[in-house]
Amino acid sequence: MLPKFLSKVQIYTCFLTVLVCGGCQQPPPNLQQRSKQGMAVSAHPLASAAGLDLLQQGGNAVDAAAATALAISVVEPFSAGIGGGGFLLLRRAETGTVQALDFRERAPRRAARDMYLDKQGKVRQRASLDGHLAAGIPGTVAGLYTVQREYGKLPWAAVVAPAIALAEKGFPVSSRFTAATQQRQDAIKKNRAAREVFTSGGILYQPGELLIQRDLARTLRQIAENPQSFYSGDIARAITADMAKNGGIITLEDLKNYTPIWRNPVCGNFRAYEICAMSPPSSGGVHLLQILNILGDTDLKRLGRQSPDTLHLLAESMKIAYADRAEYLGDPDFVSVPVKALTSSNYAKLRRSQIQMSKARPSSEIKAVDAETLNRLLWESPETTHLTVVDKERNVVSLTFTVNGGFGAGVVAAGTGILLNNEMDDFAAATGVPNLFGLVGGEANSIAPGKTPLSSMTPVIVTENGKFRLAAGAPGGSTIITTVLQIVLNVLVYDMNVGDAVSAPRVHHQWQPDRLMVERGGFETATLSELRRRGHLIVESDGWGNANAIVLTGDGWLEGAADRRGEGEARGF
Ligand code: DON
C-alpha cells in the first residue's frame, strides 16, 4: 500500500495531469513560435494575445507581462489571479540587471503557528486548503501595479483593459477549465459566490460555453481606476466583510499594510551562463543553483540526456536539495536562510562527494547538511562572484504567480468575483506534516503573523556574455524547481530548441516521499529497470508542469514555446 502522504501527492498529481494533458498520448507537437520584435507566452492563448496586444501598442515587457497576468486571472482563475500572489523577475535592457519582486501572499496579523491544529495537536484535515481561513493576504494587484508604475510605458488602465474585456464579454471555457472545475466542484458548490461565478445554477460550464464574470469585470474596472481600492477601498471592504462572515481572519488593516518587496534574486554561474532565479521566500532559486552546482562540470552531454547515469545523478541531487529545503528555507524576513552557503561551490563539492553512481541513497539516510558544516562552508566561501550581464536591447520579465491549489481556497469574496488563494497551506502547519505537494518543513517555515509561506515558484532568467539567453518558469508546486532545472539543462547543455526543451519528458524527486517520479511513456524500459536496480522507487505519472519559455537565438530571433502538456501559446510579432 502507498504511504498516506504519497497517495495525497498522487491525487494532486492526477489533478495536474488532467489539467495539463487530459490523458493525451499523441506525440508532442512542437508549439514553438519565432519572432523578432517581441513575444508573450503564457498558459492561455487569450492571455498571450493580451500581452501581444500591449506590445503592439508600444508597451514594453512590463506592460505586456502585467496585462497577461491580469488576463490569466480571468481566463485561468483556477491557477492564478488577483486573489493570489507571486514573484516577478525583471531584466531591464537599460541596466542589464535582474530585479525580483515578491508579491506573494502573507499570513494575516491574526494568524498563529497552531491555527490549523486540533486540541490533540493534529493538523485538521483540509483546514489550510478550503475556505476563508486558508487564504493569505493577496499580493497580485499591488505587485503588478508596483512594477508597472515604475517600469511600464503605457497607462495602467491600458494594461487592465484586456482583462476587463475578457471578464465582461466572456470567453469560451476549455476542457482544461471544465476539468479543473470538476476537480474542485465540492468546494465551489459549497460557497455561494463561487457557485454563482463558476457554475451555471450548479451545473459546470462545458468546453465551448461562454463564461462571463460580471463581478470580476466591475472589480477590475475599479482596479483600473484606482488599484489601491483593492487594499483600502470598496474592494478591500467587500473582501474583509466576506472574511468576517465566513470565519476568515484577513482584516482591513492586513490589506492596508500589504506591500510588495523588491528583493535581490539568487544568481550564480553555471558554465558560461549566469542564472538568476527567485530568492527566498521562494526556495526555487536556491535549489536550482544548488542542483546545477552539484552537477557542476559533469559531462552530461556525453552521459546522454535520458541515460540512467544522468537521471540517477539528477535524482540524487534533487533529494539533497529538498532535504535542505525542509530544514533551512523560509521567509528571510523571519528566519536567516543560508543562501550563500547552500549555493556555494564548496557546498556542492561536499554534496557531490556523497553521491554514489551505482546506488540510490534512501531519503532516510539523507539529512540536511548540519549547521556547523554550513557555517564552515559560509566562511570558506564568503562570496560567489557573479558576472552581471548586460543586454541593451531586451527587457525580460519572468513571472510566476498563483492561488496555490486548483481554484485556491474554493471561495470567492462575495460581490467581487475574486477567487481567494489557499496559500497558507504552503506553510508547515506542523513539523514534518506534508502539505498539498507532499513537502515537509519545520521551524523555518512555521506560521507567524505577517510571514510569507515558503514557495517553490522559480521564475528564471539566464544570460550569456551579457546578453539575454533564456527565461522560463512553470507551475506544479514542489515539481516547479525540477521542471525549470530540466528546461535549463535541455537548452543550455543539450542544445535543444525551446519547444522540445519545454516539452521533453521529465523526472522529479523531492526527498520525501522517497520515490522518483517519471513521466509515463517518456523513458525507455531498460533505463527505468537500471534505475530500479540502483535502488530508486519509480512512480510513473502522466505529465506535469505546464511550463513555458522564451530563448534568444544566436541570430537574434526570439523563440518561445508553451508546454505541449497544456493549452498555452507563444504569441509574437
Ligand atoms: O508557491 C508554491 O510553491 C505553490 N503555492 C505553487 C502552487 C502551484 O504550482 C500549483 N500548481 N500547479
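Scroll up for the structure.
Residues numbered from 1 in each chain as written. Predicted model: local features only at pLDDT ≥ 70, side-chain atom pairs only at ≥ 80, totals over all residues. Heavy atoms only, no water.

Participant: Explanation requested: the site of the ligand in the structure shown.
Facilitator: Taken together, 15 residues lie near the ligand, and Asn404, Glu423, Asp426, Ser455 and Ser456 sit nearest. Between the ligand and Glu423 there is a distance of 2.6 Å, counted from a nitrogen atom to a side-chain nitrogen or oxygen. A distance of 2.9 Å separates an oxygen atom of the ligand from a polar backbone atom of Gly476. Burial of the ligand by the protein chains amounts to 93% of its free accessible area of 340 Å². Considered class by class, the residues forming the shell around the ligand number 6 nonpolar, 6 polar and 3 charged. (Near = heavy atom within 4 Å. Polar contact = N/O pair within 3.5 Å; in protein donor to acceptor, adjacent residues only side chain to side chain. Areas by Shrake-Rupley, 256 points an atom, 1.4 Å probe, with all protein chains shown as cover. Nonpolar A, V, L, I, M, F, W, Y, C, P; charged D, E, K, R; others polar.)

Participant: What is the right way to read the sheet that holds strand β10 (residues 266-270) from this model?
Facilitator: Remark on secondary structure: sheet strands pair via backbone hydrogen bonds, oriented parallel or antiparallel. Spatially, β1-β21-β20-β16-β15-β11-β10 is the arrangement adopted by the 7 strands of the open sheet, whose pairing is antiparallel. A single partner strand is all that each edge strand has here, and the edge strands are β1 (33-35) and β10. Geometrically, the sheet is characterised by an average inter-axis angle of 20° between neighbouring strands, direction not taken into account. Bridge count for β10 against strand β11 (residues 273-277) is 5 bridges, and the pairing is antiparallel. (Pairing = 2+ DSSP bridges. Helix = DSSP H or I, 4+ residues; strand = E, 2+ residues; numbered from the N terminus. Axes fitted to C-alpha atoms, helices over the stretch in contact; angles between N-to-C directions.)

Participant: How do you make sense of the packing of aromatic side chains when you look at a structure like this?
Facilitator: The geometry of an aromatic ring pair comes down to the distance between the two centres and the angle between the two planes. Within this structure, the stated rule accounts for 9 aromatic pairs. Each ring, one from Phe78 and one from Phe407, has its centre 5.8 Å from the other, and the planes form 45°; the classification is tilted. Within this pair, whereas Phe78 is found in the loop between α3 (61-75) and β3 (85-91), its partner Phe407 is found in the loop between β12 (396-402) and β13 (412-413), the two being separated by 329 residues in sequence. According to the relative accessible area criterion, Phe407 is buried, its value standing at 0%. (Phe/Tyr/Trp six-rings, centres within 6.5 Å; stacked < 30°, edge-to-face > 60°. Buried < 20%, exposed > 50% of the residue type's maximum accessible area, 1.4 Å probe, protein only.)

Participant: I would appreciate a short explanation of unusual backbone geometry in the present structure.
Facilitator: Most of the time, phi is negative for any residue but glycine, and the peptide bond is trans. Between Pro280 and Pro281 the backbone carries a cis peptide bond, its omega angle lying at 20°. Put simply, Gln512 and Pro513 share a cis peptide bond, and its omega is -5°. Looking at the element boundaries, Pro513 is found in the loop between β17 (507-508) and β18 (516-519). Even without being a glycine, Asn404 presents a positive backbone phi close to 80°. Along the chain, Asn404 turns up in the loop between β12 and β13. Its relative accessible area of 9% is what places Asn404 among the buried residues.

Participant: Mind showing me how you'd approach the nonpolar core here?
Facilitator: If you look at the biggest cluster of nonpolar residues, it comprises 89 residues, and the most contacted ones within it are Ile275, Val460 and Leu489. Ranked by the residues each element gives to this core, the list is headed by helix α15 (residues 308-328), at 11 residues. Setting aside anything within four residues of it in sequence, one finds Ile275 in contact with Val266, Cys267, Gly268, Phe270, Leu288, Leu289, Leu292, Val460, Ile461, Val462, Val488 and Leu492. (Core = buried A, V, L, I, M, F, W, Y, C linked by side-chain atoms within 4.5 Å. Contact = heavy atoms within 4.5 Å.)

Participant: Where do I start with the pairing of β10 in this structure?
Facilitator: Of all 5 residues in β10, 4 are buried, a share of seventy percent or more. Hairpin connection from β10 to β11: 2 residues lie between these consecutive antiparallel strands, with Arg271 at a positive phi of about 55°.

Participant: Can you walk me through the state of the cysteines in this structure?
Facilitator: Put plainly, two cysteines are in a disulfide when a covalent bond ties their sulfur atoms together. The full count for this structure, using the stated rule, is 1 disulfide. Paired through a disulfide, Cys267 and Cys276 show a sulfur-sulfur distance of 2.1 Å. Between Cys267 and Cys276 the disulfide shows an S-S torsion of about 115°. By sign, it is right-handed. Each member of the pair, Cys267 together with Cys276, is buried. (Disulfide = S-S within 2.5 Å.)

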